[in-house]
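What the coordinates show
Next come the chains, spelled out residue by residue.
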Amino acid sequence: MHPVKLFCWHFMSYPYLPEDFDEKYESGWVTVPNSLWDREQAKGLYQEYIDQLVYADELGFDGMVLNEHHQNIYGLMPSPNMIAAALSQRTKNGKIVVLGNILPLQMNPLRVAEEYAMIDCMSGGRLIAGFAVGGGPEAFNYDVPSPQARRQFWEAIDLIVRTWTEDGPFEHEGPEYPLRYVNAWPRPEQTPHPPVWVPGARSRETMENAAKRGYSYFLSSRSHGDQTRKAAQAFAATMAKYDRTYSPFDFGILLSVYVSETDEQAKIESQEGIWYFLRNCLKGHLRTKGRTLTYGPGVPSASPDSWRGFLEQWQFGASQLGDTQDWEELDQRASIIVGSPETVRDKLLAVVERAQTGNLLIQFHFGNMKDELARKSMRLFAEQVAPALRAESADIFARDFPAMADTIEMEPAK
Amino acid sequence: MTTKSISVAGNSVWVEELGDGPPVLYLHGILDLHGIEAEPMAFHRHLAESCRVIAPAHPGCAETGEDETITTIDDVVFHYLRVMDALDLDTCVLAGSNIGGWIAAEIAVRHPERIEKLALIGPTGLFVSGHPIADIFWYAQPDDGVRYDGLRNLLFAGPRTEIGLSMIPDAKDEIDREMLKYKAFRFASLIGFRPPYLYNPKLHIRLDRYTGPAAILWGEHDSLVPRAHADTYSDRFPNSRLEVLPNCGNSLIVESPERTAELISSFIAN
């Protein structure tokens, strides 16, 4: 049985905000003034972040994860494909996971098919192709009406995968993206095409659409209580409808980790970066203070039925991850795991076992965290957490998924 | 007062009817019957004292089904031509508030022969250089998860008027009202979120196509649709008059329901 796969996710946040940012600005997204970008300090910032991802590859992570954001301080990758291209030349082993290109923001999905195929060829077939529909901030960033976005999204995915698998030229009828000549060069190196991952926030619609096409599901949540296990079970049940058998590798989650020698030391070293991340980077996204753009009547992408379900359980003004007050509360959210190698290992194993997920996508760099601290945490994780996680998760999967043993071992050796 | 569901091109359309007299097809806005209230409000009841008010809910609003083929204002115009046919409204008075006023204007410039009189209440719909319609979607996202001063400021005469606070409280409203509001914003988003924002760049050059009587009603303190839009509507409709109501923002029908209904009633009668 294959052990859990461990990925290093970098968001590439902007680390040079002024001290009074939280007092003065309602959001770190969309309207956060770009006059705050400090040209002098920011020199070499991308280099530092890319170097951290290269280090992850050297440390033996299963892959590096990138994603797309616009006009914000949370993630400085309007084009994750540019970073992916850089990684293709500087890393050797790990998968390059772009999670993902936000398709409704594209004028033409053909461009995504082309760029992903380039990355796959440039990296020797290491691309995992993620496609995202975008959330509230993206709707405002690029003026995408939310009700249309999902329709555009699935048509675009189907068109992209078709360009990779069907010989061109062919005509695509639309309706969203009618194209006379579809004939993408190059074609991806992997056959039939790079693995496709689709992030979702538990909506039935996204699970259905991913499951019936044979794609993997990534839960786009930062907190992992019972809902994470329920989401995995819901995706497993949805896959079963389409005669697919769930394996832990069909499902991924995002976690954040900081490891140091002791629990106390880990808190001391990570606190500046973590609280910068929670207070500033999540403001406008997963923080109630300020103006949250993530979901609501202004960005009504959810179907009315989904919105009713949300209304029934959500208290307006309720505290979210970014409103977390102290370490104890942070610990309860099972989102950012801070501690000694033993602490982190035990907590991650509990998540793996409970959620039955085989893909842990782990954020190591937070907000304005210093380079040497992020690297130290990654190194301690790789040396003192990952081996035990891999060994014990393989046992868990062998026990919980006996029927999968044969198929999973047929995956190419890493 | 009757409510019914009629079938239009295979989709159900929810229609509220009240009063007797000349038929008035009323197209609702966001803060309106079908937009946030399930039952006719004071404005609709006053208007129904002198006419037959026929108020369909827009696609996806209230109990009207969502229609995937509707993505532009043009689609909405065709939808309402079918609604008029289904209701046997060969000709009628056409009235609308907020986004409903925009839709009414779009119908009138295309089919002036079907419109006896046109009444627009704080309508969006126009492009006026230097005077953009404010971003209602941005302010539909509350401050600190729960405060709607920004949204109220766009829809009422100020951020914390009494009527504003009662219509849009700083709290989670009853779920049925929240749902109506969500659906109204979802419909508005469909036709007005991407550029052009809640307007049609060509509408202002087409206004001369409607030569019948037009009443333009505007709130003195409208922060959503600037006064320059009122002037453009009234200047370009050849046979129009503008009424500006004091102490009101964009939501005349809730901020001054009796006066607004009276002005429309007398416009229809004379």
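Residues numbered from 1 in each chain as written. Chains lettered and ligands numbered in written order. Predicted model: local features only at pLDDT ≥ 70, side-chain atom pairs only at ≥ 80, totals over all residues. Heavy atoms only, no water.

Across its full length, chain B carries eleven helices and eight strands. Radius of gyration (C-alpha) of chain B: 17 Å, near the 18 Å computed for a compact globule of 270 residues. The C-alpha extent of chain B, read off along each of the three principal axes, is 50 × 40 × 35 Å. In chain B, buried positions account for 61% of the 270 residues. Taking contacts inside chain B between residues at least 6 apart in sequence as the whole, the part at least 24 apart equals 72%. Only carbon and sulfur atoms are counted for the fraction: they give 48% of the accessible area of chain B, which is about 9800 Å². With 23 positive and 38 negative side-chain charges, chain B shows a separation of 4 Å between the mean positions of the two kinds. (Helix = DSSP H or I, 4+ residues; strand = E, 2+ residues; numbered from the N terminus. Rg over C-alpha atoms; globule rule 2.2 N^0.38 Å. Buried < 20%, exposed > 50% of the residue type's maximum accessible area, 1.4 Å probe, protein only. Contact = heavy atoms within 4.5 Å. Areas by Shrake-Rupley, 256 points an atom, 1.4 Å probe, with all protein chains shown as cover. Lys, Arg positive; Asp, Glu negative; His and termini not counted. Charge placed at Lys NZ, Arg CZ, Asp CG, Glu CD.)

Scanning chain A from N- to C-terminus turns up 15 helices and eleven strands. For 414 residues, the compact-globule estimate of 2.2 N^0.38 gives 22 Å, and the C-alpha radius of gyration of chain A, at 20 Å, lies within 12% of that figure. Projected onto its principal axes, the C-alpha coordinates of chain A cover approximately 60 × 50 × 45 Å. In chain A, buried positions account for 60% of the 414 residues. Carbon and sulfur atoms make up 49% of the accessible area of chain A, which totals about 16800 Å². Once the 41 positive and 55 negative side-chain charges of chain A are each reduced to a mean point, those two points are 2 Å apart.

Looking at chain B, pLDDT values average 97 and 100% of them are 70 or higher. Confidence estimates for the predicted assembly give a pTM of 0.94 and an ipTM of 0.94. (pLDDT = per-residue confidence, 0-100.)

What follows is about unusual backbone geometry. Going from Leu99 of chain A to Gly100 of chain A, the amide bond is cis rather than trans, its omega being -5 degrees. Within the secondary structure, Gly100 of chain A sits in strand β3 (residues 95-102). The step from Pro195 of chain B to Pro196 of chain B runs through a cis peptide bond, and the omega angle for that step is -5 degrees. In this fold, Pro196 of chain B is placed in the loop between α7 (175-192) and α8 (203-206). If you check the backbone angles, Met12 of chain A has positive phi at about 60 degrees while not being a glycine. Residue placement: Met12 of chain A occurs in the loop between β1 (5-9) and α1 (21-24). Met12 of chain A sits in the buried class, given a relative accessible area of 1%. Positive phi, normally seen in glycine, also occurs at Ala9 of chain B, with a value near 50 degrees. Assignment of secondary structure puts Ala9 of chain B in the loop between β1 (2-8) and β2 (11-18).

Each partner contributes residues to the interface: chain B has 31 residues there, and chain A has 38 residues. Interface area, chain B with chain A, both sides summed: about 3100 Å², of which 59% is carbon and sulfur. It is Trp138, Gln141 and Tyr182 of chain B in chain B that bury the most area against chain A; as a group they hold 26% of the surface buried on that side. Across the chain B-chain A interface, the total number found is three salt bridges. The residue Arg291 of chain A makes a salt bridge to Asp143 of chain B at a minimum N-O spacing of 3.0 Å. Linking chain B to chain A there are 16 residue pairs in polar contact (both at pLDDT 80 or more). At the level of secondary structure, the elements contributing two or more residues to the side of chain B that touches chain A comprise α4 (136-139) and α7 of chain B. Residue contributions to the side of chain B that touches chain A peak at ten residues, all from α7 of chain B. (Buried area = accessible area lost by both parts, 1.4 Å probe. Salt bridge = Lys/Arg side-chain N within 4 Å of Asp/Glu carboxyl O. Polar contact = N/O pair within 3.5 Å; in protein donor to acceptor, adjacent residues only side chain to side chain.)

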